[in-house]
Amino acid sequence: MDKLSRLALIATALSLLILALPAPADAASRIKDIADFEGIRENQLIGYGLVVGLNGTGDSLNNTPFTQQSLQAMLERLGVNTRNVDLNTNTVAAVMVTANLPPFSTQGTRIDVNVSALGDSESLQGGTLLVTPLVGADGEVYAIAQGSVAIGGFSAQADAASVVRGVPTAGRIANGGLVERELEFKLGSLTTLRLALRNPDLTTARRIALSINELIGMPTAEPLDPATVRIDLPRQYDGNIVDLLTDIEQLIVEPDLAARIVIDENSGIIVMGQDVKVSMVAVAQGNLTVTIAESPQVSQPLPFANGQTAVVPRSEVGIEEDGTKLAIVPKTVTLKQLVDGLNALGIGPRDMISILQAIKASGALQADIEVL
């Protein structure tokens, strides 16, 4: 056998080997992308503060008494008495400040904060947020926010016209929050972990448990319900739970979801899952159009007839029905076949929504319909 023949034989063998390899799952994902470890989560913070330095776009104190009260209370804390003084400043705005406290944040860590107007302020452009405590759901202060507000919109107004782009009454302060208190969560002392699935499903929970047990080499993971998988700390990871979490979150699992069709009737958007199946059913679609045209005419009497000029209505009513199309949808078609069949009828998204709901009502659609 010459050299060229040997190369051809090797190439053929490699091709057959590649074809024999199992194809990767289409929707396989890492565990870290489909589940969360209980206890490792963000916490929401909220606070009430004042933004100063606005260019005449602040709250009108007569219409927003809480802004005036907050301004007076702040000045009193600074040693300025304004209880019997009528304040009339439009450079101050009352705002709500929100932020997310990341897990395991230590004292001194910087976080981003969002600022939103609470009163009738027109814009927060150029404003500075004064020191604002941010509290959690338990009422404790976990962070302090302060800094210049950056907004993504603007507004301009003249005597006869105004232009507003984006939302000038909401902004953001990058690294404007300073963590003052840490959340107590001792991850290293845990002996049992719990995985919370973002999309609960029994099959997905079982696949995650099997994948973890295959990694550990012993039955340590158990699905408790469609949304929870419990993991007992194995002996080889005793005292080093971070390595266990790192190995688990990198495992590849193919999630499984129930067949579902999501419909947004306001915008006409339809989203179908890949497992949507339809039994044999006949679908007909037709539109009835009624047209009414008004053509008023002027009736002029003859000379010396003692008549009056009058407007006589002339109405034309027409009824037109589109050619009704009847299509047979075969039994247990795939998603692509279903969409192609509905598109073949020449219908739009609005009519398609009604057809899907009618097929579901007939019992021929094996999927849940969720209307937003």
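This is a predicted model, so every value here is computed, not measured. (Residues numbered from 1 in each chain as written. Predicted model: local features only at pLDDT ≥ 70, side-chain atom pairs only at ≥ 80, totals over all residues. Heavy atoms only, no water.)

### A word on the sheet that holds strand β2 (residues 35-37)
Definition in use: DSSP calls a pair of strands paired once it identifies at least 2 bridges connecting them. Helix and strand labels come from DSSP, where a helix needs a run of H or I of at least four residues and a strand needs a run of E of at least two; each type is numbered from the N terminus. Every axis in this analysis is a line fitted to C-alpha atoms, fitted for helices over the stretch in contact. Angles between the N-to-C directions lie between 0 and 180 degrees.
Across the sheet, four strands lie side by side as β2-β12-β14-β13; this open sheet has antiparallel pairing. One side of each edge strand has no neighbouring strand; the edge strands of this open sheet are β2 and β13 (221-225). Shown here is a sheet whose adjacent strand axes are inclined to one another by a mean of 25°, direction ignored. Strand direction decides the pairing type here: strand β12 (residues 192-197) and strand β14 (residues 228-232), joined by five bridges, are antiparallel.

### Here we look at the nonpolar core
Here is the rule we go by: Only buried residues count toward a nonpolar core. Its members are Ala, Val, Leu, Ile, Met, Phe, Trp, Tyr and Cys residues joined through side-chain atoms within 4.5 Å. Type-normalised accessible area, obtained with a 1.4 Å probe on protein chains alone, sets the label of each residue: buried when under 20%, exposed when over 50%, and partly exposed for intermediate values. Contacts are assigned to residue pairs that have any heavy atoms within 4.5 Å of one another.
Core analysis: the largest hydrophobic core is formed by 23 residues, its most contacted members being Ile31, Leu195, Ile208, Ile212, Val229, Ile231 and Ile248. Of all the elements in the fold, those that place two or more residues in this core are α2 (31-34), β2, β12, α4 (202-216), β14 and α5 (241-249). A total of five residues in this core trace back to one element, the largest contributor, which is α4. What isoleucine 248 contacts, discounting residues up to four positions off in sequence, is Ile31, Phe37, Leu195, Ile212, Leu215 and Ile231. Ranked by size, the runner-up nonpolar core spans 20 residues in total, among them Ala93, Ile111, Leu124 and Val149.

### What about the side chain of aspartate 201?
Heads up, the condition is: His residues and chain termini do not enter the charge count, which takes Lys and Arg as positive and Asp and Glu as negative. Think of a salt bridge as a Lys or Arg side-chain nitrogen and an Asp or Glu carboxyl oxygen that are within 4 Å of each other. Counting of polar contacts relies on pairs of N or O atoms within 3.5 Å, with two restrictions inside protein: one atom must be capable of donating a hydrogen and the other of accepting it, and residues adjacent in sequence are counted only when both atoms are side-chain atoms.
Looking at where aspartate 201 falls in the secondary structure, it is placed in the loop between β12 and α4. No salt bridge is formed by the buried aspartate 201. Its closest oppositely charged neighbour is arginine 207, at 6.7 Å. Looking at aspartate 201, its side chain comes within polar contact range of the main-chain nitrogen of threonine 203, at 3.0 Å. With residues up to four places along the chain from it excluded, the contact list for aspartate 201 reads Pro226, Asp256, Leu257 and Ala258.

### Section: the environment of alanine 364
Checked against the element boundaries, alanine 364 lands in the loop between α7 (349-362) and β25 (365-366). Along the backbone, alanine 364 and valine 278 are 86 residues apart, and their C-alpha atoms lie at a distance of 5.6 Å.

### Concerning the pairing of β13
Where β13 meets β14, four bridges bridge the pair, whose relative direction is antiparallel. The partner of alanine 221 across the bridge, within β14, is isoleucine 231. Taking the residues that link successive antiparallel strands as the turn, the β13-β14 hairpin has two residues.

### As for the sheet that holds strand β17 (residues 269-272)
Taken in spatial order, the three strands line up as β17-β16-β26 in an open sheet, and their pairing is mixed. The open sheet has two edge strands with one neighbour each: β17 and β26 (368-371). Mean inter-strand twist for the sheet, computed between neighbouring axes without regard to direction, equals 15°. In terms of strand pairing, strand β16 (residues 260-264) meets β17 through four bridges, oriented antiparallel. Pairing of valine 262 across the sheet is with valine 271, part of β17.

### Comments concerning α7
To keep things clear, this is the line we draw: To estimate the expected span of a helix, count its residues, drop one, and scale the result by 1.5 Å. Along the arc lie the directions from the helix axis toward the C-beta atoms.
Taking 1.5 Å per residue, 14 residues should reach 20 Å; α7 reaches 20 Å between its end C-alpha atoms and fits that length. Taken residue by residue, α7 has Met352, Ile353, Ile355, Leu356 and Ile359 as its buried positions. Relative to the axis of α7, the buried residues are bounded by an arc of 165° and lie together on one face. Two residues or fewer past α7, glycine 363 is found with a positive phi of approximately 85°.

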